[in-house]
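Here is how the chains run, residue by residue.
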Amino acid sequence: MSGPVLHLAVEIDGDGAHPAARRRAAHSPDQLFTPRRVARVAAVAENAGFTLITLDDSVLPPAASPDPVGRIGAVERAAFVAASTSAIGIAPVVPVTYWPTCSPTSRRRPRSVSP
């Protein structure tokens, strides 16, 4: 008889949610969002028994930096990580802009145009 299965997910972006987490990191700040580091952390999560990892994305750069910095998008990082893992689920969290195909004003009857 099998019991309920526990599924655990973890976000692997950054060094942690605590403001002081980046100060206790064992790597330099420029190594934080590199694809190889993300793949390494994903492999650690997979070996630890996690079911799913999430990769967060944002339109804006990380708020911890006063200067604008670029980073690789969540979908691209997920594709890179997928090649180096075998059993863990990968969920990129990306912002989506929704634009309705039919607005209330477009359903109105067109006005007749006089010649």
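Before reading further, recall that the structure is shown in the block above.
Keep in mind it's a predicted model, so treat the numbers as computed, not measured.

Novice: Can you break down the side chain of Arg-37 residue by residue, with the values?
Specialist: Examined against the element boundaries, Arg-37 turns out to sit in helix α1 (residues 35-47). Apart from the residues within four sequence positions on either side, Arg-37 is in contact with Gly-14, Asp-15, His-27, Gln-31 and Leu-32.

Novice: Describe the nonpolar core, listing the residues and the values that go with them.
Specialist: Listed in full, the 10 residues of the largest apolar core are Ile-12, Val-38, Ala-42, Ala-45, Ile-53, Leu-55, Ala-74, Ala-78, Val-81 and Ile-88. Sorting the residues of this core by element identifies α1, β2 (52-56) and α2 (74-82) as the ones contributing at least two each.

Novice: Just give me the short version of the environment of Ala-9, but keep the residues and values in it.
Specialist: Mapped onto the secondary structure, Ala-9 falls in strand β1 (residues 9-11). Expressed as a C-alpha distance, the spacing of Ala-9 and Gly-89, which sit 80 residues apart in the sequence, is 8.8 Å.

Novice: Give me the lowdown on the environment of Pro-35, citing residues and values where you can.
Specialist: With respect to the element layout, Pro-35 can be found in helix α1. The spatial distance from the C-alpha of Pro-35 to the C-alpha of Glu-76 is 9.0 Å, given a sequence separation of 41 residues. Look past the residues within four positions of Pro-35 in its chain and what remains in contact with it is Ile-72 and Phe-80.

Novice: Provide a residue-level description of the pairing of β2, including the pertinent values.
Specialist: The pairing of β1 with β2 spans 3 bridges and is classified as parallel. Residue pairing across strands places Ala-9 opposite Leu-52, the latter belonging to β2. Sheet analysis places β2 next to strand β3 (residues 89-93), joined by 5 bridges and oriented parallel. In the sheet register, Leu-55 faces β3, and the bridge partner there is Pro-92.

Novice: Describe a nonpolar patch on the surface, with residues and values.
Specialist: On the surface, Val-75, Val-94 and Val-96 cluster together to form a nonpolar patch covering roughly 270 Å² of accessible area. For Val-94, the location among the structural elements is in the segment after β3.

Novice: Break down α2 for me, citing the residues and quoting the values.
Specialist: Along an α-helix, a turn takes 3.6 residues, which lines up residues three or four apart on a common side. The set of residues buried in α2 consists of Ala-74, Arg-77, Ala-78 and Val-81. The buried side chains of α2 occupy one side of the element, clustering within an arc of 105° when seen end-on. Where α2 is buried, its residues contact α1, β2 and β3.

Novice: Quick rundown of α1? Include the residues and the values.
Specialist: The end-to-end C-alpha separation of α1 is 18 Å, in line with the 18 Å expected for 13 residues at 1.5 Å each. Where α1 is buried, its residues meet β1, β2 and α2.

What counts and how
Residues numbered from 1 in each chain as written. Predicted model: local features only at pLDDT ≥ 70, side-chain atom pairs only at ≥ 80, totals over all residues. Heavy atoms only, no water. Helix = DSSP H or I, 4+ residues; strand = E, 2+ residues; numbered from the N terminus. Contact = heavy atoms within 4.5 Å. Core = buried A, V, L, I, M, F, W, Y, C linked by side-chain atoms within 4.5 Å. Buried < 20%, exposed > 50% of the residue type's maximum accessible area, 1.4 Å probe, protein only. Pairing = 2+ DSSP bridges. Patch = residues over 30% accessible without salt bridge, like charges linked within 9 Å, V, L, I, M, F, W, Y side chains within 5 Å. Areas by Shrake-Rupley, 256 points an atom, 1.4 Å probe, with all protein chains shown as cover. Salt bridge = Lys/Arg side-chain N within 4 Å of Asp/Glu carboxyl O. Arc of directions from axis to C-beta. Expected span 1.5 Å × (residues − 1).

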